[in-house]
Amino acid sequence: MNMIEIERALRELRLSGIAETLSTRVMQAQAAQQPFLETFATMLQDELDRRRSLLTERRFKRSGLTERLSLADFDWCFNPKLPRSACFELHTLKFIGEGANALIIGKPGTGKSHVAKAVAYQATLAGYDVRYVEADTEFASYGLASTQEQAEKLKAWIEPDLLVLDDLFLARRIADVSAELLQAIVHQRYKLRRAIVITSNRVVQDWGKYLGDATMATTILDRLMHRCAMLEFEGKSYRLKEAASRIAVTPV
Ligand SMILES: Nc1ncnc2c1ncn2[C@@H]1O[C@H](COP(=O)(O)OP(=O)(O)OP(=O)(O)O)[C@@H](O)[C@H]1O
Ligand SMILES: [Mg+2]
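Remember, it's a predicted structure, so these values are computed and weren't measured experimentally.

Caption draft 1: How the structure looks around helix α11 (residues 214–224). Buried within α11 we find Ala217, Ile220 and Leu224. Projected down its long axis, α11 carries its buried residues within an arc of 70°, all on one side. Of the exposed residues in α11, those oriented more than 90 degrees away from the buried face are Thr215 and Asp222.

Caption draft 2: Examining the domain arrangement of the protein chain more closely. By domain assignment, the protein chain separates into domain 1 (3–63) and domain 2 (84–237). Computed over C-alpha atoms, the centres of domain 1 and domain 2 are 40 Å apart. Domain 1 puts four residues into the contact, and the matching count from domain 2 is seven residues.

Caption draft 3: Focus on the site of ligand 1. The environment of ligand 1 is made up of 17 residues, and the closest members are Asp75, Gly111, Lys112, Ser113 and Tyr238. Mapped by element, the contributors of at least two residues to the shell around ligand 1 are α6 (112–125) and α12 (238–249). Here the shell around ligand 1 gets three residues from one element, more than from any other, and that element is α6. Along the lines of polarity and charge, the residues of the shell around ligand 1 split into five nonpolar, eight polar and four charged.

Caption draft 4: Summary view of the sheet that holds strand β3 (residues 162–166). The strand order across the open sheet built from five strands is β2-β3-β4-β1-β5, with neighbouring strands paired in parallel fashion. A strand with exactly one partner marks an edge of an open sheet, and here the two such strands are β2 (130–134) and β5 (228–233). Here the average twist between neighbouring strands, direction ignored, is 10°. Pairing of β2 with β3, which is carried by five bridges, proceeds in the parallel orientation. Its bridge partner being in β3, Glu134 is matched across the sheet by Asp166.

Caption draft 5: A look at the nonpolar core. Judged by nonpolar contacts, the single largest core of 48 residues is most densely connected at Ala120, Leu162, Val164 and Val197. Among the elements that take part in this core, α6 stands out by supplying seven residues, more than any other. With sequence-adjacent residues up to four places away left out, Leu162 is seen in contact with Ile96, Ala120, Ala123, Tyr128, Val130, Ala195 and Val197.

Caption draft 6: Just the pairing of strand β4 (residues 195–200), in detail. With six of its six residues buried, β4 lies for the most part within the structure. Alternating positions in β4 separate into two faces, Ala195, Val197 and Thr199 on one and Ile196, Ile198 and Ser200 on the other, with burial throughout. Here four bridges tie strand β1 (residues 101–106) to β4, and the two strands are oriented parallel to one another. Looking at the pairing, Ile104 lines up with Thr199 of β4. Bridge count for β3 against β4 is four bridges, and the pairing is parallel. By the bridge assignment, Leu162 is partnered in β4 with Ala195.

Caption draft 7: Just helix α2 (residues 16–32), in detail. A rise of 1.5 Å per residue sets the reference length of α2, with its 17 residues, at 24 Å; its end C-alpha atoms lie 24 Å apart and thus fit the reference within 8%. At Leu22, α2 shows its strongest bend, of approximately 55°. For α2, the set of buried residues is Gly17, Ile18 and Ala19. If you follow the buried residues of α2, they end up packed against α1 (3–12) and α3 (36–63).

Caption draft 8: How the structure looks around unusual backbone geometry. Although it is not a glycine, Leu93 adopts a positive phi angle of roughly 70°. Relative to the assigned elements, Leu93 resides in the loop between α4 (84–91) and α5 (94–98). Notably, Asp167 is not glycine yet its phi reads approximately 55°, a positive angle.

Caption draft 9: Here's a closer look at the packing of helix α7 (residues 135–144) against helix α9 (residues 176–191). Close contact between α7 and α9 brings their axes to 9 Å; oriented N to C, the two are set at 110°. Comparing their axes, α9 and α7 come out roughly perpendicular. α9 is crossed by α7, and the crossing has right-handed handedness. Note on element contacts: α9 touches α7 through Val177, Ser178 and Leu181, opposite Phe139, Ala140, Tyr142 and Gly143. For the contact of α7 with α9, a count of residues per class yields five nonpolar, two polar and no charged.

Caption draft 10: Molecular detail of the environment of Phe139. Relative to the helices and strands, Phe139 is located in helix α7. Residue classification places Phe139 among the buried positions, given that 23 C-beta atoms sit within 10 Å. Put simply, Phe139 and Lys153 are 14 residues apart on the chain and 9.9 Å apart in space, counted from C-alpha to C-alpha.

Conventions we followed
- Residues numbered from 1 in each chain as written.
- Chains lettered and ligands numbered in written order.
- Predicted model: local features only at pLDDT ≥ 70, side-chain atom pairs only at ≥ 80, totals over all residues.
- Buried ≥ 20, exposed ≤ 12 C-beta atoms within 10 Å, placed from the backbone.
- Helix = DSSP H or I, 4+ residues; strand = E, 2+ residues; numbered from the N terminus.
- Arc of directions from axis to C-beta.
- Domains from an automatic or database assignment.
- Contact = placed C-beta atoms within 7 Å.
- Near = placed C-beta within 6 Å.
- Nonpolar A, V, L, I, M, F, W, Y, C, P; charged D, E, K, R; others polar.
- Pairing = 2+ DSSP bridges.
- Axes fitted to C-alpha atoms, helices over the stretch in contact; angles between N-to-C directions.
- Core = buried A, V, L, I, M, F, W, Y, C linked by C-beta atoms within 7 Å.
- Expected span 1.5 Å × (residues − 1).
- Bend = angle between axes of the 7 residues up to and from the residue.
- Parallel < 35°, antiparallel > 145°, perpendicular 65-115°, else oblique.
- Left-handed = near helix turned anticlockwise from the far one by under 90°.

Quick look at the structure:
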C-alpha cells in the first residue's frame, strides 16, 4: 500500500485520529530512528485522544450549554462574601456521585449562573451526562408542547446525571403546568438519586407564591433540601460594574 491507500484504509476503518497525524508520525519516526513499537504506541494514543475529544465535544453539545465557563476567570475579590469554598466543593463534582443537590440563591448579577455553568461544564469534561436549562424559558415552552413532546422533554430532564435549572422564577409566578413539571422533575430525580443544581434570585421562603401552591413548594423543597448544599450569593451586581466601565470608556 502507498500512503494514499493507507490513509484511505484508515478512514474506512474509522481511525481518523491516526489518519490525521500519520504523515507527521512517519517523519518523526524516520528522524529519530524510532523503534516500531514506540511509533505504533504514539499513533494509538493519537487515535485515543481524538476519540476522547470527540466524545467531550458531543457531551458539551448535548448539555445545552453555550459557554465554556470556568471558575478560573471568576473574580472572588469583587464580592468577598460569596461562599467560595462551597463553590469549589461543587466544582469537585462529588455531589453528582452522591446524588445530592445545590441551591444557589441570591442577588442578581452576583455570579450564580456563572458558577452553575462552570460546574456543569466541568461535569461534561469529567464524562457526566449533563443538561443545562434556562428554567423559565424551557418551562414556558413545555407548556405549549404536545403531550408526546412533553413526555420527551420530561425524559430528557430526568435521565442525565446532572440537571441545572438556571434562573428559576426569574419571571416570578410560573404557570400551573410548569409548577407541576418542576414537581415531577424533583420527585423523580430524588427517587433516582440524581443531582440537581438550581439558581434563583428568589429566596425559598417565597417559592410557594411563585408556584401558586404552598404545599407543592413544601414537597419540592423537602426533597431538594434533603441532600443539598445551600449557597447564598450576597453582594453587588457584576453586570452593573461592567456597564459602568463601558460608560466610562464611551467617548462623549
Ligand atoms: N465575581 C465575578 N467575576 C467575574 N465575572 C462575574 C462575577 N460575577 C458575575 N460575573 C459575570 O457577570 C455576569 C452576570 O453574572 P451571572 O449571570 O452569573 O449572575 P446571576 O447571579 O446569575 O444573576 P441573575 O440573578 O440576574 O440571574 C456574567 O457575565 C458573569 O460571568
Ligand atoms: Mg442567573
